[in-house]
Every structure is written in structure tokens, then in C-alpha cells.
Amino acid sequence: MSVADPRFDHAGPEEAWRTRLAEGVFTIQSCAGCGSYQFPPSVSCRSCGSVRVALVPQSGDAVVYSSTTVRARAGGYNVSLVELPEGPRMMTRVEGIEPEEIRIGDRVAARIVRRDGGDAIVIFDWCGRP
Amino acid sequence: MQDLRGRTAIVGAGNTNRWYAPGRTAFDQLSEAAHLALDDCGLTVRDVDGLFCSLSVSGLPVLNVAEKLGIRPSYADGTMVGGASFIFHLQSAMLALNAGLCNVALICYGANQASGGRGFTPMPDPQPFEEPWGAIYPVSSYALAAARHMHQFGTTRRDLASVAVAARKWAQLNPAAHVRDPLTIEDVLAARMISDPLSKADCCLVTDGGGALVLTRADRAKDLRSEPVYILGTGTAVSHRQIAAMPDLTVTAAVESGAAAYKMAGVGPSDVDHVMVYDAFTITTLLFLEDLGFCTKGEGGAFVSSGAIEPGGSLALNTNGGGLSCNHPGMYGIFTLLESVEQLRGRAGARQKPGAEISLAHANGGVLSAQATAILGTAATL
């Protein structure tokens, strides 16, 4: 018989998030205690401390919060922070537009892709400027 | 905390001033600085019973430094919050000294990242939600903050460039500064871009270096041979680890660390004669000037481009030349304190702020993640 607290028996939050992503579902966490949302996933809610957090699917809509073009020798590429409608932000890459042309406030949409190593990651496609 | 105002003194200061020193390890730099700081006040390693240290190259800094220096500390703190660590250590040392946990506190640091051939100090811990995107650590995180400030407040690259130019003008007054060539706004704007909107000239130097401070309670400081500098106030704050988790990229936790330090010291920004803020990148100077109350939020660009922070301007800021032009061994925070001590002792030569009595030193760690503020004063401020 386990003496560990059963409230934490579920898979670790990062592992659970990666499993859903590998199944093709982009999720963030929602808190049953205070209703706030967060990303990256964590064992507890960063707003209220509740451990009743669960992964919920995302629409994938987002807005560019900030953006930079990294000047590598092979050429520039984009790194952006995007803000989800529920509030959390994530680091990602925006595609479908030249890196220098991306502006804060642009609308983007999530797309799950496979990296060379096989891991699923979430990139965002450029959708337009409000 | 107001009870502790002026109860602790920095009695020894050591700076190796070796910004490119092949053949020396990070611990060699640290050890030299520690001996310089102890010599400064006439104490020896045998007197040290409180050890405070942090290095990019060591996961067990207290153990390594204690062994190398031959110290058996009764109190130690190896808090690692990046370049802000040493002002966290300063606060911790102040508390430990006044609680009687130790009597002579040594805060020390060393690095050889320039001559050691590794370039930028690597990211100290894996960040799985940042790793896939190829952001240059830590430049791109600061670039994202700069881009947001430009978007929200109309700050320009030219504003940011004026921070680098002011730092260089101060460095030209400091014979110990690593880079003293003339620098213009146009030079900064034309420098190779690293991560937009930050060019190479918006980024701090990559140097070696070692720095150390010795602290005692104020009553003991009077009996030592050096001129004590008193701790009037301290404040620390931590807001995030990854830049995506920073609540607002234009507002740092320096708001909180600064407020705590001002409250303990019983002073405000207008009482401060001399200021050191951690300039890892041009944008950090601007953010900390705003968040510590030297200008209002959003007006940092206009403030720095007005000439206010150049030699002869209204605010004696980063008078050693800063991380941008004096030195940046990777965790620069201890050098903000060292320059504040130089200024308050009136030993800063051509860059001296005449009559400086109160100095504010502010350090940053991670990616705008950890903030720590110290307000120091001469005996006249007690």
C-alpha cells in the first residue's frame, strides 16, 4: 500500500502536457480553485496555490506580445512571446511571414509540428494584423 | 528592518581589475579579490567566519571557496540568483552579523569566462519550454523586453544607444575600465545585430574578473583601519525564471526591491547622490531608472537621451563605465557595490561625484528575474 498522497498520483504536469500534445491536442492548465489559467504546466496553481489544476484544450488563437529576430550566421529567425486569450504567455516561433515583419499585436494560430528528434512542439502561423 | 539601518558596515573592498587574465581560474580571481578586501581593512582569512559566495562555474560554491581560502565558516550562504546574488548576500550578511551568527562576513566572486574560452556563460539550468526556439540566452530575453518597451512607450534604438554612449564616456574617466575607445550613437546603431532590437553594442562586455567585500557590525568597523561605508537599506525581490513568465516585460521587480531599500534607509530617489544599476544590456539601465524612481515609467528613453546620465549630467550613474564598458565577468552585481564604495570613500578620481554621501547600488539576475537594491552611506548619513 502506498503511503504517498493520492492527490499527486497522476502523471507529472510536464509529462501529461507532452502526452496530450503528442496526441495532437494543445492544452494549458486551468485551476478549479480560482479559475485562472497557466502555462507552462505546474503541480499547483501559481495564482492561488491550489493543487486542483487540470489540462484543458486550447483554441490555439493568440496575439504576439513581443518578438525578436535572432541574427544567426545562416540567417535571421523569429522568437516570439505570444499571449493566449486566457492570459498565459509562451515562447514560440511565428511562421508564414518574414521574421522582421512580425509586429506586436499580430494575430497568430497554433500548429503542432514534430521536431527532427520527434518531439511535438507548438509553433504559431501568422494570421493578420488587427 | 529600519532598526538595522546603519548597523552594518562594508569595511573592506577588493577588485582584481583583471578583465582578461589567462591562466587564472574563477576561484583564483575570487581568492585574489578576497585577499585584497581583507588587506583593505587589516583583517585576514583567519578572521572570516561568515562566507557568502556564488559563481557561474560551481554548484557548490561555499564548499569550494571555504576549502580554497582555508575558512571554516559558522554561517554561509551560497544563494544563486544570477548577477543579483551579491546584494542578496549583502542583506543576508547584514542579518547574520546582527543576529550574532558571524562576526566577519566575506562576500566574494570570481570568473574567467573571457580568457577561459567559453564565451558567454551558458544557461545554468535547462528550460524545456524555451529550448526549442533557439533564443540566444540571455540576450533574446532582454531583446523581447526592449521590443515591448519600444512598442508601449515609443522608446527608440537611439534612446537605448545613448545608454551605451554614456557608459563609454564614464569608462573614459576610469583608467581601470576594459573598453575606453570613443563610441557614438551611430556606432551603436551600426553595430552587428544580435537579437533585434539589441546590437552587439547594446550588450555588456564578456570579461574575467574578481570582486569581494568584507562586512562587520558598525561598532567594530570603527576600530579597523579602513574607511567604513554603512548599509542604510536593502531590498530583494524575485518575479520569475523564464521571460515568458514575467508579469509585464516593461516593469521589473526592482519596484519592490527599491521600495524596501528606500523604506529601510528612510530616503527617496532625490536623496541619492550616486547610482549604480546593473547594465547587462542598454534596456536594463532604462528599466531600472524607471522602476527605482529616477524617472517615471515610460519616460526612460527621453531621460537617458537627454544627457542626464553622462558625465556632467544630473545623475551620476554607472560611473565605472558599467557592464557595458568597464567589465562584465558574467555576474556583475558585486561591481555595482564596489563602485559605490569607491565613490563614498571619495577615491574615484576623475569620475568622482563630488560630495557623494548616499549611493544606491542595484543588481539584476537571470532575465530580469531577481532584483536587489542596496543603499549605502558615509558616516555623515548615520
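Residues numbered from 1 in each chain as written. Chains lettered and ligands numbered in written order. Predicted model: local features only at pLDDT ≥ 70, side-chain atom pairs only at ≥ 80, totals over all residues.

For chain B, the count of helices and strands is 12 helices and 12 strands. Its C-alpha atoms give chain B a radius of gyration of 19 Å, within 12% of the compact-globule value 21 Å for 382 residues. Buried positions account for 62% of the 382 residues belonging to chain B. Here the analysis covers contacts within chain B between residues at least 6 apart in sequence; of these, 78% occur between residues at least 24 apart. (Helix = DSSP H or I, 4+ residues; strand = E, 2+ residues; numbered from the N terminus. Rg over C-alpha atoms; globule rule 2.2 N^0.38 Å. Buried ≥ 20, exposed ≤ 12 C-beta atoms within 10 Å, placed from the backbone. Contact = placed C-beta atoms within 7 Å.)

With that out of the way, let us pick up the sheet that holds strand 10 (residues 316-317) of chain B. Residues and elements named next belong to chain B. Reading across from one edge, 3-2-4-7-1-8-12-11-9-10 is the order of the 10 strands in this open sheet, with mixed pairing throughout. A single partner strand is all that each edge strand has here, and the edge strands are strand 3 (75-77) and strand 10. The pairing of strand 2 (residues 50-53) with strand 4 (residues 105-111) spans four bridges and is parallel. In the strand pairing of strand 4, Phe52 is matched with Ile107. Against the sheet, helix 1 (residues 26-41) engages strand 1 (8-15), strand 2, strand 4 and strand 7 (209-217), with an angle of about 130 degrees to strand 1. Sitting on the sheet, helix 2 (residues 61-69) is in contact with strand 2, strand 3 and strand 4, with an inclination near 125 degrees to strand 2. (Pairing = 2+ DSSP bridges. Axes fitted to C-alpha atoms, helices over the stretch in contact; angles between N-to-C directions.)

Turning to the confidence of the model for chain B, a few remarks are in order. Residue and element names in this part refer to chain B. When the pLDDT values of chain B are averaged, the result is 97; 98% of them are 70 or greater. The least confident element of chain B, judged by mean pLDDT, is helix 7 (residues 218-221) at 96; the most confident is strand 12 (residues 370-377) at 99. Among the prediction metrics, the complex's ipTM stands at 0.97, with pTM recorded as 0.97. (pLDDT = per-residue confidence, 0-100.)

Residue and element names in this part refer to chain A. By the assigned domains, chain A splits into domain 1 (11-57) and domain 2 (61-128). Put simply, the middle of domain 1 and the middle of domain 2, counted by C-alpha atoms, are 21 Å apart. Looking at the side of domain 1 that touches domain 2, the elements with two or more residues in it are helix 1 (13-22) and strand 2 (37-38). In terms of residue class, the side of domain 1 that touches domain 2 is made up of six nonpolar, two polar and no charged. (Domains from an automatic or database assignment. Nonpolar A, V, L, I, M, F, W, Y, C, P; charged D, E, K, R; others polar.)

This part takes up the interface of chain B and chain A. Taken together, the 20 residues of chain B in the interface contact 19 residues of chain A. Broken down by secondary-structure element, the contributors of at least two residues to the side of chain B that touches chain A are helix 4 (139-153) and strand 5 (193-195) of chain B. The element that contributes the greatest number of residues to the side of chain B that touches chain A is helix 4 of chain B, accounting for six residues. Its residues placed into classes, the side of chain B that touches chain A shows 13 nonpolar, four polar and three charged.

Helix length check: helix 5 (residues 157-171) of chain B (15 residues) gives 21 Å between terminal C-alpha atoms against 21 Å at 1.5 Å per residue, within 8%. Burial analysis of helix 5 of chain B places 13 of its 15 residues in the buried class, which makes it a mostly covered element. (Expected span 1.5 Å × (residues − 1).)

This next bit is on the domain arrangement of chain B. One widely used convention gives an interface's size as the accessible area the parts lose upon coming together. All names here are of chain B. Under the domain assignment, chain B is made up of domain 1 (2-118 + 207-231) and domain 2 (136-204 + 234-381). Between the C-alpha centres of domain 1 and domain 2 there is a distance of 23 Å. At the interface, 33 residues of domain 1 touch 40 residues of domain 2. Those elements that provide at least two residues to the side of domain 1 that touches domain 2 are strand 1, helix 3 (85-99), strand 4, strand 7 and strand 8 (229-238). Residues of the side of domain 1 that touches domain 2, tallied by class, amount to 17 nonpolar, 13 polar and three charged.

Attention now goes to the packing of helix 3 of chain B against helix 12 (residues 333-344) of chain B. Residue and element names in this part refer to chain B. Here helix 3 crosses helix 12 at 65 degrees, and the two axes come no closer than 6 Å. Contacts from Ser85, Phe86, Ile87 and Leu90 in helix 3 reach Gly333, Ile334 and Leu337 in helix 12. In terms of residue class, the contact of helix 3 with helix 12 is built from five nonpolar, two polar and no charged.

On to helix 12 of chain B. Residues and elements named next belong to chain B. The terminal C-alpha atoms of helix 12 lie 17 Å apart, and with 12 residues this matches the ideal 16 Å at 1.5 Å per residue to within 8%. Within helix 12, 12 of the 12 residues are buried, which leaves the element mostly enclosed by the surrounding structure. Every buried residue belonging to helix 12 is among Gly333, Ile334, Phe335, Thr336, Leu337, Leu338, Glu339, Ser340, Val341, Glu342, Gln343 and Leu344, and all of these are buried. With its phi angle positive at about 70 degrees, Gly346 sits one or two positions after the end of helix 12.

The next point concerns unusual backbone geometry. The residue after Phe39(A), namely Pro40(A), is reached through a cis peptide bond having omega 0 degrees. Note that Pro40(A) resides in the loop between strand 2 and strand 3 (53-57). Looking along the chain, the bond that leaves Asp196(B) and enters Pro197(B) is cis, with omega of 5 degrees. Of note in this structure, Asn17(B) is not a glycine but carries a positive phi near 50 degrees. By C-beta crowding, Asn17(B) is classed as partly exposed, having 18 other C-beta atoms within 10 Å. Its identity as a non-glycine residue notwithstanding, Asn318(B) has a phi of 50 degrees, on the positive side.

Let us look at the environment of Arg73(A). Residue and element names in this part refer to chain A. Take Arg73: it is sitting in the loop between strand 4 (61-72) and strand 5 (75-83). The exposed category is assigned to Arg73, around which 4 C-beta atoms lie within 10 Å. Spatially, the C-alpha atoms of Arg73 and Val25 are 35 Å apart, while their sequence positions differ by 48 residues.

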